[in-house]
Amino acid sequence: MRRETENESTGGSATTQGGGRGRGRRVQRCTFTLPNSDEALIADIQQLADRMGLRTPTRSEVVRAALKNLGWSNERKFREAFESLERVKTGRPPRERQN
């Protein structure tokens, strides 16, 4: 499995301006659809970090850590992870009508 370097994954523009962790990096803002069970899992992971005495990760940090972990897994675990996913309909849910 090919793994991208940091420069490749950010379109070659992962430059930092001044010191600091991540300062000046270009980031991609994206939105995506998650089932309620995955939202609950993110909350559980945040609570686990609290119990471990770690800084509470943001939702984005939880997803990024999971991606990093998945990217370094072996092919069997990678396949199992994808085959276990619930398929969700993408896009915004319909607006609720007010009477």
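Up top is the structure.
Now for a look at the structure at hand. (Residues numbered from 1 in each chain as written. Predicted model: local features only at pLDDT ≥ 70, side-chain atom pairs only at ≥ 80, totals over all residues. Heavy atoms only, no water.)

### Side note on the overall build of the chain
Helix and strand counts for the chain come out as 4 helices and 0 strands. Its helices and strands in sequence order give the chain the pattern α-α-α-α, from N to C terminus. Looking at the chain residue by residue over its 99 residues, the buried ones come to 9%. Carbon and sulfur atoms provide 49% of the accessible area of the chain, an area that totals close to 9500 Å². (Helix = DSSP H or I, 4+ residues; strand = E, 2+ residues; numbered from the N terminus. Buried < 20%, exposed > 50% of the residue type's maximum accessible area, 1.4 Å probe, protein only. Areas by Shrake-Rupley, 256 points an atom, 1.4 Å probe, with all protein chains shown as cover.)

### Some thoughts on the packing of aromatic side chains
Two measures describe an aromatic ring pair: the distance that separates the ring centres and the angle between the ring planes. Counting across every chain of the model gives 1 aromatic pair. Look at Phe78 and Phe82: their rings are 4.9 Å apart centre to centre, the planes differ by 55 degrees, and that puts the pair in the tilted class. With Phe78 and Phe82 both in helix H4 (residues 75–83) and 4 residues apart, this pair spans about one turn of that helix. (Phe/Tyr/Trp six-rings, centres within 6.5 Å; stacked < 30°, edge-to-face > 60°.)

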